[in-house]
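Single-letter residue listing:
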Amino acid sequence: MSPSEARFTMTTTSVPEFQHRTVLLDEAVDALDLAGARANGIYIDGTFGRGGHSRLILSRLGPEARLIAFDKDLQAIANAETIGDKRFTIVHDSFATMADALAERGIPAVDGILLDLGISSPQVDDAARGFSFRNDGPLDMRMDTTRGISAAEWLATESEKTLEKVIRDYGEERFAFQIAKAIVARRAVEPISSTRQLAGIVAGAVKTREKGKDPATRTFQAIRIFVNKELEDLESALSQAFDALKPGGILAIISFHSLEDRMVKQFLASKAKVEQPDRRLPIRAVDLPQPELKLLARIKPSDKEVDENPRARSAVMRVAMRLPPAGGLP
């Protein structure tokens, strides 16, 4: 889910309501090319969030179409269950389970897949979720609070060496050693159970930081990514998404930080560019290795969108189309 906010809001008695707006809403749905015969195809929304993309996709689909959405977050699931549309299915799980979900429903291939990565504004803004260093709350950080261990539980038991590696690799934090050492020192005195505690520990260990950026930003990102297995899920989902696409099927992926975007870019490039044999070898053109994807676009939010929703500023969407086995356009 993106650090975004859905344009469409729905209120229920059981779901706390936070202001939210979907990043690259129109651009992402436009990328799926839902016109003509494709309007009655089968599509996947990998992260329902608050339903901005899913609702707009449904508004453009034909009566025979299907949309399968995924989300780990129980609040997102509650919002999704308010959609009374027989074409729509919500799955309470990671998009990394899409292959199994399609197999269970007897669906061999789909016409388009949208993956909106990261974390939603309602998750960040709800202090009880423990994602934000700006609001004090329990140090949880799980997108799915029914599974796995919380950030507090992980920080209480993990070795200093592993803490340093996670903070360095997933947060791209140059002060990872100092932060890990400070965490281990503090937990020997008292449990680290709140976001404010952790933010204070990081602030004490980080001596300099970019202007306007909180010292805890990178550490919170790193722990969140690790606790939720975000990069592992993305790696698995990229392969599953490619396998699930029909020839001519569209894959659109919105990333929000460099680790995600690097993985997406490298995966798409690996399918779009193939190493060619020595030209001097007697190989017919028809027998040469063919690309499996065609790169279509790299799209950033407009200045207007960033002005209206600053959390969109880091977003980038990459779009590709699966090619037939022989290469070329379908």
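Everything numeric in this text was worked out from a predicted model, so none of it was measured.

If you trace the backbone, R21 turns up in the segment before α1 (25-31). Residues R21 and A312 lie 291 residues apart in sequence; the distance between their C-alpha atoms is 9.4 Å.

Tracing the sequence through the fold places Y170 in helix α7 (residues 160-171). Looking at Y170, the relative accessible area reads 18%, which means it is buried. In the structure, Y170 is positioned 89 residues away from L259 in sequence and 7.4 Å away in space, judged by C-alpha atoms. Apart from residues lying up to four places away in sequence, Y170 is in contact with K165, Q221, A222, I225, F226, L231, E232 and L259.

Within a sheet, adjacent strands bond to each other through the backbone by hydrogen bonds, running parallel or antiparallel. If you trace the seven strands from one edge of the open sheet to the other, you get β3-β2-β1-β4-β5-β7-β6, paired in mixed fashion. Only two strands of the sheet have a single neighbouring strand rather than two, namely β3 (88-92) and β6 (293-299). Adjacent strand axes in the sheet meet at a mean angle of 15°, parallel and antiparallel pairs treated alike. Alignment of strand β1 (residues 42-45) against strand β4 (residues 110-116), held across three bridges, turns out to be parallel.

Moving on: the pairing of β4. Counting buried residues along β4, seven of its seven residues qualify, which places the element largely inside the surrounding structure. With six bridges connecting them, β4 and strand β5 (residues 245-255) associate as parallel partners. Counterpart to I113 in the pairing with β5 is L251.

Moving on: a positive patch on the surface. Taken together, the side chains of K265, K273, R298 and K300 make up a positively charged region of the molecular surface. Topologically, K300 is positioned in the loop between β6 and α13 (303-308).

On average, residues of the protein carry a pLDDT of 88, and 87% of them reach 70 or more. A low-confidence stretch, residues 1-18 stays under pLDDT 50, and its non-local contacts, those more than four residues away or across chains, total 73 contacts.

It is the contact of helix α8 (residues 176-187) with helix α9 (residues 195-205), at a shortest axis distance of 9 Å, that shows an interaxial angle of 130°. The angle between α8 and α9 places the two elements in the oblique class. Once α8 is placed against α9, the crossing between them reads as right-handed. Where α8 abuts α9, its residues Q178, I179, A182, I183 and R186 lie against L198, I201, V202 and A205.

Looking at the element boundaries, R50 is found in the loop between β1 and α2 (52-60). For the buried R50, which has no salt bridge, the nearest side chain bearing the opposite charge is D73, at an N-O separation of 4.6 Å. Reaching out from R50, the side chain makes a polar contact with the side chain of Q75 at a distance of 3.2 Å.

Once that is clear, we can look at the packing of aromatic side chains. In the structure shown here, the tally under the stated rule is three aromatic pairs. Plain terms: the ring middles of W154 and F226 are 4.7 Å apart, the flat faces sit at 35° to each other, and that makes the pair tilted. Taken together, the residues W154 in helix α6 (residues 151-157) and F226 in helix α10 (residues 217-227) connect sequence positions 72 residues apart. Overall, the relative accessible area of 4% leaves W154 in the buried class. With a relative accessible area of 26%, F226 lands in the partly exposed category. Of the aromatic side chains, those joined through ring pairs into one cluster are W154, Y170 and F226.

The next subject is the pairing of strand β2 (residues 66-71). A regular strand places its side chains on the two faces of the sheet in alternate fashion. With five of six residues buried, β2 lies mostly within the body of the structure. Taken together, the four bridges between β1 and β2 define a ladder with parallel strand orientation. Bridge pairing in β2 places I44 opposite I68. The handedness of the β1 to β2 crossover, carried by α2, is right-handed. As paired strands, β2 and β3 are joined by five bridges and run parallel to one another. Across the sheet, L67 pairs through a bridge with F88, a residue of β3. Since β2 and β3 lie parallel, the crossover through helix α3 (residues 74-80) that links them has a hand, and here it is right-handed.

Conventions and cut-offs
- For every chain, the first residue of its written sequence is number 1, and the numbers climb from 1 along that sequence.
- Confidence filtering applies because this is a predicted model: local features only for residues at pLDDT of at least 70, side-chain atom pairs given and counted only at 80 or more, and all residues used for totals across whole chains, interfaces and linings.
- Heavy atoms throughout the structure, all of them, feed into the side-chain values; hydrogens and water do not.
- Note on conventions: DSSP H or I runs of at least 4 residues are helices, E runs of at least 2 residues are strands, and numbering of each starts at the N terminus.
- Relative accessible area decides the class of each residue, using a 1.4 Å probe on protein chains only: under 20% of the type maximum gives buried, over 50% gives exposed, and in between gives partly exposed.
- Contacts are assigned to residue pairs that have any heavy atoms within 4.5 Å of one another.
- Strands qualify as paired when DSSP identifies two bridges or more between them.
- In this description, a line fitted to the C-alpha atoms serves as the axis of each element, helices being fitted only across the stretch in contact, and the angle between N-to-C directions of two axes falls anywhere from 0 to 180 degrees.
- Exposure above 30% relative accessible area and no salt bridge define the residues that can form patches, which grow by joining like charges within 9 Å and nonpolar side chains of Val, Leu, Ile, Met, Phe, Trp and Tyr within 5 Å.
- Residue exposure ignores everything except the shown protein chains as possible cover, and the areas themselves are Shrake-Rupley values with a 1.4 Å probe.
- Salt bridges are counted wherever a side-chain nitrogen of Lys or Arg sits within 4 Å of a carboxyl oxygen of Asp or Glu.
- Positive: Lys, Arg. Negative: Asp, Glu. His and the chain ends are not part of the count.
- In plain terms, the charge of a residue is placed at NZ if it is Lys, CZ if Arg, CG if Asp and CD if Glu.
- The pLDDT value tells you how sure the predictor is about a given residue, anywhere from 0 up to 100.
- Oblique is the label for any angle not covered by the other classes, which are roughly parallel (under 35 degrees), roughly antiparallel (over 145) and roughly perpendicular (65 to 115).
- A crossing counts as left-handed when the near helix is turned anticlockwise from the far one by less than a right angle, and as right-handed when that turn is clockwise.
- Think of a polar contact as two N or O atoms within 3.5 Å of one another; within protein, one of them needs to be a possible hydrogen donor and the other a possible acceptor, and neighboring residues in sequence only count if both atoms come from side chains.
- Classification of ring pairs uses Phe, Tyr and Trp, with its six-membered ring standing for Trp, and accepts pairs whose centres are within 6.5 Å; under 30 degrees between planes counts as stacked, over 60 as edge-to-face, and the remaining range as tilted.
- Call a crossover right-handed when, viewed with both strands pointing away from you, the route from the first strand across the helix to the second goes clockwise.

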